[in-house]
Amino acid sequence: NAYVNINRIMSVASRLVDAGHYASQQIKQISGQLDQEWKSFAAALDERSTILAMSAVFHQKAEQFLSGVDTWCKLCSDGGVPTEMQGLEIAIHHHQTLYEEVTQAYTEVSQDGKALLDGLQRPVSPGNSESLTATANYSKAVHQVLDVVHEILHHQRRLESIWQHRKVRLHQRLQLCVFQQDVQQV
């Protein structure tokens, strides 16, 4: 509605100036100021929409990552270690696939978090220090995003530690199987 009203006002102002209105100089000045203010307001809305969209994507991915942590921990420390060579190779392959899945999810959420933090700490407006959002204080939002990022980092490190422990166990068991096979051949 505001966009339609602004356009209507600008077109009436343009017609008055073109018709040679006695206050055409003032009309030009006021319409120019209105146009500038409207562009500034629209840019602020766009900037705010961008930050909100980035925030929504980050929080959605963070929630997905955090909800998958327990499942991933279970899969990393799941049961015993197979005793046959073929079973061990399959388990190692599945374990590596799980690591790639966790790493991909962590990479996505951390990149989105970094982009959001950059957007919150540095206004996106095109160099205008007087824009409506350039003076916005996002410090509370920055702290909240940092808390989420730190929580995700903590869980990722924990997952990596569990994953590494299981990987070592699987590879050691595989080496033991190879050694036993060599002993039997000898």
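The structure under discussion appears in the preceding block.
Notes on the structure follow. Keep in mind that what you see is a predicted model, and the values were worked out from it rather than measured. (Residues numbered from 1 in each chain as written. Predicted model: local features only at pLDDT ≥ 70, side-chain atom pairs only at ≥ 80, totals over all residues. Heavy atoms only, no water.)

## Quick notes on the overall build of the chain
Our working rule: Only runs of H or I of at least four residues qualify as helices and only runs of E of at least two qualify as strands under DSSP, and these elements are numbered from the N terminus. Throughout, the radius of gyration refers to the C-alpha atoms, and the reference size of a globule is 2.2 Å times the residue count to the power 0.38. Classification of residues uses two cut-offs on accessible area relative to the type maximum, computed with a 1.4 Å probe and protein chains only: under 20% is buried, over 50% is exposed, and between them is partly exposed. Any two residues whose heavy atoms approach within 4.5 Å are treated as being in contact.
Within the chain, the secondary structure is distributed over 4 helices and 0 strands. Secondary structure elements in the chain, listed N-terminal to C-terminal, are α-α-α-α. Since a compact globule built from 186 residues should have a radius of gyration of about 16 Å, the 30 Å found for the chain marks it as more spread out than a globular shape. When its C-alpha atoms are laid out on the principal axes, the chain stretches across 110 × 30 × 25 Å. Across the 186 residues of the chain, 26% fall into the buried class. Looking at the chain alone, contacts between residues at least 24 apart form 81% of all its contacts between residues at least 6 apart.

## Re the nonpolar core
Heads up, the rule is: Joining through side-chain atoms within 4.5 Å is the link that ties buried Ala, Val, Leu, Ile, Met, Phe, Trp, Tyr and Cys residues into a set, and such a set is a nonpolar core.
By size, the foremost hydrophobic cluster in this structure holds 21 residues, and its most contacted members are Phe 58, Phe 65, Leu 120 and Leu 159. For this core, the element with the highest residue contribution is helix 2 (residues 24-76), accounting for 8 residues. Here Phe 58 is in contact with Val 109, Asp 112, Gly 113, Leu 116, Val 145, Val 148 and Val 149, once residues within four sequence places are set aside. Val 81, Ile 92, Leu 170 and Cys 177 belong to the second largest nonpolar core, which has 7 residues in total.

## Side note on the packing of helix 2 against helix 4 (residues 139-185)
Packed helices, taken two at a time, are described by their axes: the angle between them and the distance between them. Filter applied, for reference: Angles here are taken between N-to-C directions and fall from 0 to 180 degrees, while the axes themselves are lines fitted to C-alpha atoms, restricted in helices to the stretch in contact. By the definition adopted for this analysis, an angle is roughly parallel if under 35 degrees, roughly antiparallel if over 145, roughly perpendicular if from 65 to 115, and oblique otherwise. Left-handed describes a crossing in which the near helix is turned anticlockwise from the far one by less than a right angle; the clockwise case is right-handed. Three residue categories are used. Nonpolar comprises Ala, Val, Leu, Ile, Met, Phe, Trp, Tyr, Cys and Pro, charged comprises Asp, Glu, Lys and Arg, and polar comprises the others, including Gly.
At a closest axis distance of 10 Å, the pairing of helix 2 and helix 4 adopts a crossing angle of 25°. Compared by their axis directions, helix 2 and helix 4 come out roughly parallel. For the crossing formed where helix 2 meets helix 4, the hand is left-handed. Residues Phe 58, His 59, Ala 62, Phe 65, Leu 66, Val 69, Trp 72, Cys 73, Leu 75 and Cys 76 of helix 2 form the contact with helix 4, whose own contacting residues are Val 145, Val 148, Val 149, Glu 151, Ile 152, His 155, Gln 156, Arg 158, Leu 159, Ile 162, Trp 163 and Arg 166. Tallied by class, the residues present in the contact of helix 2 with helix 4 amount to 16 nonpolar, 3 polar and 3 charged.

## Looking at the pattern of salt bridges
Threshold: By salt bridge we mean one thing: a side-chain nitrogen of Lys or Arg within 4 Å of a carboxyl oxygen of Asp or Glu.
Per the stated rule, a full pass over the model turns up 4 salt bridges. For Lys 39, the salt bridge identified is with Asp 35, shortest N-O distance 3.3 Å. Of this pair, Lys 39 and Asp 35 both sit in helix 2, 4 residues apart, which is roughly one turn of that helix. Of the residues examined, Lys 39 reaches a relative accessible area of 49% and is grouped as partly exposed. Looking at Asp 35, the relative accessible area reads 26%, which means it is partly exposed. Note that Lys 61 and Asp 112 form a salt bridge whose closest N and O atoms lie 3.0 Å from each other. Taken together, the residues Lys 61 in helix 2 and Asp 112 in helix 3 (residues 85-121) connect sequence positions 51 residues apart. The exposure class assigned to Lys 61 is partly exposed, which follows from its relative accessible area of 26%.

## A look at the environment of Arg 166
With respect to the helices and strands, Arg 166 occurs in helix 4. Along the backbone, Arg 166 and Asp 78 are 88 residues apart, and their C-alpha atoms lie at a distance of 8.9 Å.

## Examining the packing of aromatic side chains
To keep it simple, the criterion reads: Put simply, two rings from Phe, Tyr or Trp (the six-membered ring, in Trp's case) pair if the centres are within 6.5 Å, and we call them stacked under 30 degrees between planes, edge-to-face over 60, tilted for the rest.
Per the counting criterion, the structure on display carries 5 aromatic pairs. When the ring of Phe 65 is compared with that of Tyr 106, the centres are 6.2 Å apart and the planes differ by 55°; the resulting orientation is tilted. Of this pair, Phe 65 sits in helix 2 while Tyr 106 sits in helix 3, and the two are 41 residues apart along the sequence. Given the relative accessible area of 2%, Phe 65 is considered buried.

## Points about the packing of helix 1 (residues 2-18) against helix 2
Put simply, helix 1 and helix 2 touch, their axes get as near as 10 Å, and they point 155° apart. The angle between helix 1 and helix 2 places the two elements in the roughly antiparallel class. As for how helix 1 packs across helix 2, the hand of that crossing is left-handed. Residue-level inspection shows Ala 2, Tyr 3, Ile 6, Ile 9, Met 10, Ala 13, Leu 16 and Val 17 of helix 1 in contact with helix 2, the latter providing Ser 24, Ile 27, Lys 28, Ser 31, Leu 34, Asp 35 and Trp 38. Its residues assigned to classes, the contact of helix 1 with helix 2 shows 11 nonpolar, 2 polar and 2 charged.

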